[in-house]
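# Architecture at a glance
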Amino acid sequence: MLASIYIFFKPLNIKQQAFVDVPLFEIKDFTMYELDPTGLHTIMLGSTATRYSNRYTVKDIDYTDNKNKEYIANMQANNGIYKNDIVTLTGNVTYTRDDGLTFKTQKAVYNKKTSDVVSNVGYVAYMNDSVLRGSYIKYNNEKNRIFSKNVRAKIQLQER
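What counts and what doesn't
- Residues numbered from 1 in each chain as written.
- Predicted model: local features only at pLDDT ≥ 70, side-chain atom pairs only at ≥ 80, totals over all residues.
- Heavy atoms only, no water.
- Helix = DSSP H or I, 4+ residues; strand = E, 2+ residues; numbered from the N terminus.
- Rg over C-alpha atoms; globule rule 2.2 N^0.38 Å.
- Buried < 20%, exposed > 50% of the residue type's maximum accessible area, 1.4 Å probe, protein only.
- Contact = heavy atoms within 4.5 Å.
- Areas by Shrake-Rupley, 256 points an atom, 1.4 Å probe, with all protein chains shown as cover.
- Lys, Arg positive; Asp, Glu negative; His and termini not counted.
- Charge placed at Lys NZ, Arg CZ, Asp CG, Glu CD.
- Pairing = 2+ DSSP bridges.

Looking only at helices and strands, the protein chain features 0 helices and 12 strands. From first element to last, N terminus to C terminus, the protein chain shows the α and β order β-β-β-β-β-β-β-β-β-β-β-β. Its C-alpha atoms give the protein chain a radius of gyration of 25 Å, more than 25% over the compact-globule value 15 Å for 160 residues. Counting only C-alpha atoms, the protein chain reaches 120 × 40 × 25 Å along its principal axes. With 160 residues in all, the protein chain has 32% of them scored as buried. Once local pairs closer than 6 in sequence are excluded, the contacts in the protein chain between residues at least 24 apart make up 30%. With the model as given, the accessible surface of the protein chain reaches about 11,300 Å², and the carbon-plus-sulfur share is 53%. Averaging the coordinates of the 22 positive side-chain charges in the protein chain and doing the same for the 16 negative ones gives two points 10 Å apart.

Moving on, we come to the pairing of strand E7 (residues 116-119). As defined by bridge partners, strand E6 (residues 102-111) adjoins E7 across 3 bridges and the pair is classed as antiparallel. The residue of E7 that forms the bridge with Val-109 is Val-118. Counting the residues in the hairpin turn of E6 and E7 gives 4 residues, including Ser-115, whose phi is positive at 65 degrees. Of the strand pairs in this sheet, E7 and strand E10 (residues 136-140) are connected by 4 bridges, and their pairing is antiparallel. Residue pairing for E10: Asp-116 is matched across the bridge by Asn-140.

Attention shifts here to the pairing of strand E1 (residues 25-36). Residues in a regular strand point their side chains to alternate faces of the sheet. Where E1 and strand E2 (residues 39-51) come together, 11 bridges link them in antiparallel fashion. Note on E2: the bridge partner recorded for Ile-27 is Ala-49. The hairpin formed by E1 and E2 contains 2 residues between the paired strands.

Relative to the helices and strands, Thr-102 is located in strand E6. Those residues within four positions of Thr-102 in sequence are excluded, and the remaining contacts are Thr-94, Tyr-95, Thr-96, Val-124, Ala-125 and Tyr-126.

Within the element layout of this structure, Ile-5 appears in the segment before E1. Relative accessible area serves as the criterion here: at 73%, Ile-5 is assigned to the exposed category. Taking the C-alpha atoms as reference, Ile-5 lies 67 Å from Leu-89; in sequence the two are 84 residues apart.

Here it is as structure tokens:
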């Protein structure tokens with residue numbers, strides 16, 4: 001007499017994941033130049049950058065906008081995201097213009113198309129010996145205009 005042995009296997013429930021935000025590549029210690037027929041527009045440096053399908057994330061970002069030929073603006077921060085001509089900077093953000101205007105904050109958003117840099121987390125700005133503090137700043141590099149809220153200022157006037 002033959003004995004039959006039956007073995008049953010239960011299929012495993014494997015959870016499937018769709019990876020929609022996969023990095024395309026990562027580079028270290030880089031410099032990126034943006035050029036067009038009129039010349040050099042921007043320079044972006046960083047210690048590490050990760051390229052996704054729609055953005056770059058950059059550590060130790062150093063971003064220079066040369067679009068306005070009158071004033072060159074430089075922004076540095078611990079982290080940056082470059083997406084659709086918008087640069088979002090976080091952590092020890094420093095904005096410096098070659099005429100001496102400097103402001104520091106913890107978060108800023110720079111729009112390349114409009115040349116506006118905006119921070120709504122508080123800032124300290126310096127120009128020569130003058131110091132301004134406020135809760136919000138919007139600065140336009142092309143028009144050289146600053147809009148601010150809750151300003152406290154120490155202005156050093158220069159004699160002529």
